[in-house]
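Residues per chain, in single letters:
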2 protein chains.
Amino acid sequence: MEETRMKKIKTMVALALMVLVLSACGNLGGSSMSTGGESSSKSTTLTGKAESGDYQGVIQNGRYVTSKSRGVNVSQNDNQYNLKSFENGLLTVSKRVFSPDKYIFREGQLLSTSTVQDWLGRQSKSNPTGLNPKDNGSTSPTKRNPIYLQQLEEQDYMTQNGKNLKLSGVTIGLGLNSVDYYTKVKFGATYETKISKAEAQKQGQAIANTVLARLRKRAALKNVPITIALYRQASNDSLVGGTFFAYSTNKAGTTKVGSWTSISQANYVYPPSSGSSNTGNSNDSGSFENFKTQVQSFFPNLSGVTAQAQYTDKKLTGMNVNITTQFYSQTEIISFTQYLQQAAQKYLPANAPIDILVKSADGVQSYLSRSANEKRFTSHVFNSY
Amino acid sequence: MEETRMKKIKTMVALALMVLVLSACGNLGGSSMSTGGESSSKSTTLTGKAESGDYQGVIQNGRYVTSKSRGVNVSQNDNQYNLKSFENGLLTVSKRVFSPDKYIFREGQLLSTSTVQDWLGRQSKSNPTGLNPKDNGSTSPTKRNPIYLQQLEEQDYMTQNGKNLKLSGVTIGLGLNSVDYYTKVKFGATYETKISKAEAQKQGQAIANTVLARLRKRAALKNVPITIALYRQASNDSLVGGTFFAYSTNKAGTTKVGSWTSISQANYVYPPSSGSSNTGNSNDSGSFENFKTQVQSFFPNLSGVTAQAQYTDKKLTGMNVNITTQFYSQTEIISFTQYLQQAAQKYLPANAPIDILVKSADGVQSYLSRSANEKRFTSHVFNSY
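Every chain is numbered on its own, with residues counted from 1 as its sequence reads. Think of it this way: whatever chain is written first is A, whatever ligand is written first is 1, and the rest follow in order. pLDDT decides what is reported in this predicted model: residues at 70 or higher carry local features, side-chain atom pairs at 80 or more are listed and counted, and totals for whole chains, interfaces and linings draw on all residues regardless. Hydrogens and water are ignored here; the side-chain numbers use all heavy atoms of the structure.

Under the annotation held in an unreviewed UniProt entry, chain A carries the name CamS family sex pheromone protein and is attributed to Secundilactobacillus kimchicus JCM 15530.

## Description of the packing of helix 7 (residues 330-347) of chain A against helix 3 (residues 81-97) of chain B
For any two helices packed against each other, one specifies the crossing angle of their axes together with the interaxial distance. Orientation is described by axes fitted as lines to C-alpha atoms, over the contacting stretch for helices, and by angles from 0 to 180 degrees between their N-to-C directions. Strands are runs of DSSP state E lasting at least 2 residues, helices are runs of H or I lasting at least 4, and numbering of each runs from the N terminus. Viewed as axis vectors pointing N to C, helix 7 of chain A and helix 3 of chain B meet at an angle of 65°, and their least axial separation amounts to 8 Å. Where helix 7 of chain A approaches helix 3 of chain B, its residues Q330(A), T331(A) and I334(A) are matched on the opposing element by K84(B), E87(B), N88(B) and L91(B). Note on residue classes: Ala, Val, Leu, Ile, Met, Phe, Trp, Tyr, Cys and Pro are nonpolar, Asp, Glu, Lys and Arg are charged, and everything else, Gly too, is polar. When grouped by side-chain class, the residues that make up the contact of helix 7 of chain A with helix 3 of chain B number two nonpolar, three polar and two charged. Contact criterion: two residues are considered in contact whenever any of their non-hydrogen atoms come within 4.5 Å of each other.

## Some points on the sheet that holds strand 17 (residues 363-370) of chain A
Residues and elements named next belong to chain A. For two strands to count as paired, DSSP must find a minimum of two bridges between them. Strand order in the open sheet formed by six strands is 13-14-15-16-17-18, and the pairing between neighbours is mixed. This sheet does not close on itself; its edge strands, each paired only once, are strand 13 (265-270) and strand 18 (378-381). Strand-to-strand twist across the sheet, computed as the mean angle between neighbouring axes with direction ignored, equals 15°. Two elements, strand 17 and strand 18, share four bridges in a ladder whose sense is antiparallel.

## A few points about the sheet that holds strand 4 (residues 63-64) of chain A
Residue and element names in this part refer to chain A. The sheet built from three strands is open, its strands ordered 2-3-4 with antiparallel pairing. The open sheet has two edge strands with one neighbour each: strand 2 (44-46) and strand 4. Direction of pairing for strand 3 (residues 58-60) relative to strand 4: antiparallel, over a ladder of two bridges. Bridging across to strand 4, Q60 finds its partner in R63.

## Concerning the relation of the copies chain B and chain A
What sets the superposition is a least-squares fit of C-alpha atoms, and only residues with pLDDT of at least 70 in both copies go into it. Mapping chain B onto chain A is achieved by rotating through 180° and translating by 0.0 Å along the same axis, at an RMSD of 0.0 Å. Within this description, the copies of the chain are treated as partners about a two-fold rotation axis. In this assembly, 99% of the residues forming the interface of chain B have copies in chain A that are likewise at the interface, indicating an isologous arrangement.

## Concerning the side chain of T243(A)
All names here are of chain A. As for its position among the elements, T243 is in strand 11 (residues 243-250). Here the side chain of T243 touches Q265 through a polar contact of 3.4 Å, landing on its backbone oxygen. Leaving out residues up to four positions away in the same chain, T243 has contacts with L230, Y231, R232, Q265, A266, N267 and Q310. Residues adjacent in sequence count toward polar contacts only when both atoms are side-chain atoms; beyond that, a polar contact is any pair of N or O atoms within 3.5 Å, and within protein one must be able to donate a hydrogen and the other to accept it.

## Quick notes on the interface of chain B and chain A
Each partner contributes residues to the interface: chain B has 77 residues there, and chain A has 78 residues. We define a salt bridge as a side-chain nitrogen of Lys or Arg found within 4 Å of a carboxyl oxygen belonging to Asp or Glu. Where chain B touches chain A, the interface holds two salt bridges. Note that E332(A) and R70(B) form a salt bridge whose closest N and O atoms lie 2.5 Å from each other. Top contributing element to the side of chain B that touches chain A by residue count: helix 7 (residues 330-347) of chain B, with twelve residues. Class assignment of the residues belonging to the side of chain B that touches chain A gives a composition of 29 nonpolar, 34 polar and 14 charged.

## Notes on the pairing of strand 10 (residues 226-232) of chain A
Consecutive residues of a regular strand have side chains that alternate between opposite faces of the sheet. Residue and element names in this part refer to chain A. With respect to burial, strand 10 is a largely interior element, six of its seven residues being buried. Bridge count between strand 7 (residues 164-176) and strand 10: seven bridges; the pairing is parallel. Directly across from L176, in strand 10, lies its bridge partner R232. Summarising the sheet, strand 10 and strand 11 pair through seven bridges and their orientation is antiparallel. Each residue of the ladder has a partner; that of I226, found in strand 11, is N250. Burial here depends on accessible area, computed with a 1.4 Å probe over protein chains only, as a share of the maximum for the residue type. Under 20% is buried, over 50% is exposed, and the range in between is partly exposed.

## A word on the pattern of salt bridges
Residues and elements named next belong to chain B. According to the stated counting rule, one finds ten salt bridges over all chains in the structure shown. Measuring nitrogen to oxygen at the nearest pair gives 3.6 Å for the salt bridge that ties D54 to K95. Taken together, the positions of D54 in the loop between strand 2 (44-46) and strand 3 (58-60) and K95 in helix 3 put the pair 41 residues apart, joining distant regions of the chain. Taking the relative accessible area as the measure of exposure, D54 reaches 17% and is therefore buried. In this structure K95 comes out as partly exposed when scored by relative accessible area, which is 30%.

## Remarks on the packing of aromatic side chains
Centres within 6.5 Å make a pair out of two Phe, Tyr or Trp rings, where for Trp the six-membered ring is used; the pair is then stacked when the planes are under 30 degrees apart, edge-to-face when over 60, and tilted otherwise. On inspection of all chains with the given rule, the structure shows 43 aromatic pairs over all chains. On the numbers, 5.1 Å between centres and 80° between planes, the contact of F382(A) with Y367(B) is edge-to-face. With F382(A) in the segment after strand 18 and Y367(B) in strand 17 (residues 363-370), this pair bridges two chains. Between the NZ or CZ atom of R214(A) and the centre of the ring of W119(A), over which it lies, the distance is 5.1 Å. Above the ring of Y182(B), the side-chain terminus of R144(B) is found at 3.6 Å from the ring centroid. Here, a charge over a ring means that NZ of Lys or CZ of Arg falls within 6 Å of the ring centre while also lying within 35 degrees of the ring normal.

## Remarks on helix 5 (residues 197-216) of chain B
Here helix 5 of chain B contains 20 residues, and its C-alpha end-to-end distance of 28 Å stays within 8% of the 28 Å for a straight helix at 1.5 Å per residue. Summarising the contacts, the buried residues of helix 5 of chain B are in contact with helix 4 (113-120), strand 6 (149-161), strand 7 (164-176), strand 10 (226-232) and strand 11 (243-250) of chain B. Multiply 1.5 Å by the residue count of a helix minus one, and that product is the helix's expected span.

## Some remarks on the pairing of strand 17 of chain A
All names here are of chain A. Where burial is concerned, most of strand 17 is hidden: seven out of the eight residues are buried. Note: strand 16 (residues 354-360) against strand 17, seven bridges, orientation antiparallel. Bridge pairing in strand 17 links L357 to Y367. Between strand 16 and the antiparallel strand that follows it, strand 17, lie two residues.

## Observations regarding helix 6 (residues 282-298) of chain B
Residues and elements named next belong to chain B. Given a rise of 1.5 Å per residue, 17 residues ought to cover 24 Å, and the 25 Å separating the end C-alpha atoms of helix 6 matches this to within 8%. If you check which residues of helix 6 are buried, you get D284, S285, F288, F291, K292, V295 and F298. Angularly, the buried residues of helix 6 cover 135° about the axis, an arc narrow enough to put them on a single face. Exposed side chains of helix 6 directed beyond 90 degrees from the buried face belong to S282 and N283. Capping the start of helix 6, N281 holds a side-chain oxygen 2.8 Å from the backbone nitrogen of N283, two or three residues further along. Arc definition: directions from the helix axis to the C-beta atoms.

## What about the confidence of the model for chain A?
Should the pLDDT be low somewhere, the predicted coordinates at that spot are not to be read in detail. All names here are of chain A. Taken as a whole, chain A shows an average pLDDT of 87; of its residues, 88% reach a score of 70 or greater. A score between 0 and 100, pLDDT records how confident the predictor is in each residue. When pLDDT is averaged over each element of chain A, strand 10 comes out on top at 98 and helix 1 (residues 2-24) at the bottom at 42. Low pLDDT (under 50) marks residues 1-31, which in the prediction has 25 contacts with non-local residues, meaning those over four places away or in another chain. Contacts from residues 34-40, a stretch scored under 50 in pLDDT, to residues over four places away or in other chains number 13 contacts.

## Quick word on the packing of helix 6 (residues 282-298) of chain A against helix 7 of chain A
Residues and elements named next belong to chain A. At their nearest, the axes of helix 6 and helix 7 sit 10 Å apart, and the two run at 160° to each other. One finds that helix 6 runs roughly antiparallel with respect to helix 7. Viewed along their axes, helix 6 and helix 7 form a crossing whose handedness is right-handed. The segment helix 6 lies against helix 7, with S287, N290, F291, Q294, V295 and F298 engaging S335, F336, Y339, L340, A343, A344 and Y347. For the contact of helix 6 with helix 7, the class distribution of residues is nine nonpolar, four polar and no charged. Between 65 and 115 degrees an angle is taken as roughly perpendicular, under 35 as roughly parallel, over 145 as roughly antiparallel, and anywhere else as oblique. A crossing counts as left-handed when the near helix is turned anticlockwise from the far one by less than a right angle, and as right-handed when that turn is clockwise.

## Section: the environment of A307(A)
Residues and elements named next belong to chain A. As for its placement among the helices and strands, A307 is situated in strand 14 (residues 304-312). In this structure A307 comes out as buried when scored by relative accessible area, which is 3%. Taking the C-alpha atoms as reference points, A307 and K292, separated by 15 residues in sequence, lie 9.9 Å from one another. Leave out the neighbours within four places in its chain, and A307 touches Y268, V269, Y270, F288, M319, N320 and V321.

The structure is reproduced here in structure tokens:
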């Protein structure tokens, strides 16, 4: 019975902690804070945490504090996969440095739209702050100066001190091209300059140094830790975005990037497109192929089954499966989802977080999900009255 | 301590039962069964249960057993909301009669596409089995004979006896028009005949009697309980489907419908469309309006916020909230979802199951859900690599 009592006590402690954590989450219209240096008449609240590993965000007067350079990266990316993976990846890098338990996320407030746009341009007389090299006049794919820096994002990390939010860290993401697409004449054919990984890294590190020095000239950023992360953009025809390959943490006051930590990450698409050399992990690719075959034989009508997979240090760290169906009836969707739950557990790689989304022309039909440490998938069938 | 011990025993019993239930779920490629009367060389398995209140479905030779009249109802409905709500509603009625703990769901195997198509037509010399009245020649909205029966669905309920699946119940859903849309000449203007609830009920009950008598003439259905449920179709401009209003359970062998049990169910859209008299429950409508106002002020760009709500016996029994956004960045979607979690808990009606789907032009972005007996919403943000 002693063991039972201990277990009971442990449960109670866990519950009490949970209540503490929950009540620590920001609450709507609840206690307000003021942001350091700004008018304290503004009411600042937090979004609350949906999951324990997430950051809370900052709300001011009931409105989300959006980025000062909002929308710039949308126009900078022809391949939308580079947008989501860049933002998600930057959050993941930030979590290594600024723990979500201590820091609060705020969209970048220091670099404005025009600053970022200028920085992303070529250096020229009219744009002295451009971080991309001067135009050397050549239009040859191998002789011209390509655009190295394609997108840039600032993320602010705040700490809470009583009723105040204080800027306590900044993360800058630099998106570097693997291919620079250009035209020789306006609206002309598109040509490509390929940029090797080594070249992108060299250029990215140089740009990072310039960015750090510039940020330190701003009063608000003089004494704040600044993390800079380098991302390699995927090509425009890729069905998966790029990946971060290095980051550098720079203590308050430092004006030169000291050292770089490399990130070993790779994204693949399953099944690999024919002729592609990026076939990913052959075990996982085989498992996925089996899953796909099973799923496609379940219904008389074929459904499209593809996946994005991400590997960190050669280990599968996430998979997004997309299933596109013909029109299925609601009872068919329910049965299909139940079947997927078993087939996914049986065939898809274990020990990695996996999302499965079932879509038809009418929109999302159902969804299944499993965390890294779970065995069973949870599922949800979307209903309509 | 006695109480603790009792609790522990209860937990163990519950766990043991859970294991039993889980192991009773069909498993892929596991033990096979044969369906009564059919060749036992076919391998029959079950889909497994995703949630405890769901039916398992029937798989034969790795392929889902689809309905023999698959696709008929799709062509019968101009308003797709009538499709999903009809199928979901019929499942709900069936669960009252054939418990998912005991019965296994099979898509209708007894009525073929041509049978259902004939039954849904008008009675005529060339179509003697038509369940809709003869054409009386009139094209006047009030004098013509309207089409009462718009869609029909069969659902089969099986029991497992060792390795055999046996048909042990059938549910028939009859979808009856509230408005019959017709043209006076081919491809001409559309006219409407309105059908009162009383008239639809009278006609539906008569059709149910005919259907029951016909089914009893089939050897396979002579001695099987048959449930018939009546559904009132929503009009074509409705943003929510119709509802079931009555059902009748008929014991094995009976050839006349004995008695009807009424179902009090109503669907509403929030916010109600301007000028609509179907404004729903004013408390819930007000709560939703507050939620909508909060959510729409969160971002500078407006997002569309609407809901479908279902009431059973005047009590809110479910709500599907749809939020359509402009393009938001991934960090904005994460923060928005966290905010929604709090706003939904604070403003939306308590004690009802609620789904919230956040969509953009790119597809589904995130989703939140709460069961009837929970307080907190769980959420999921869809990711991309």
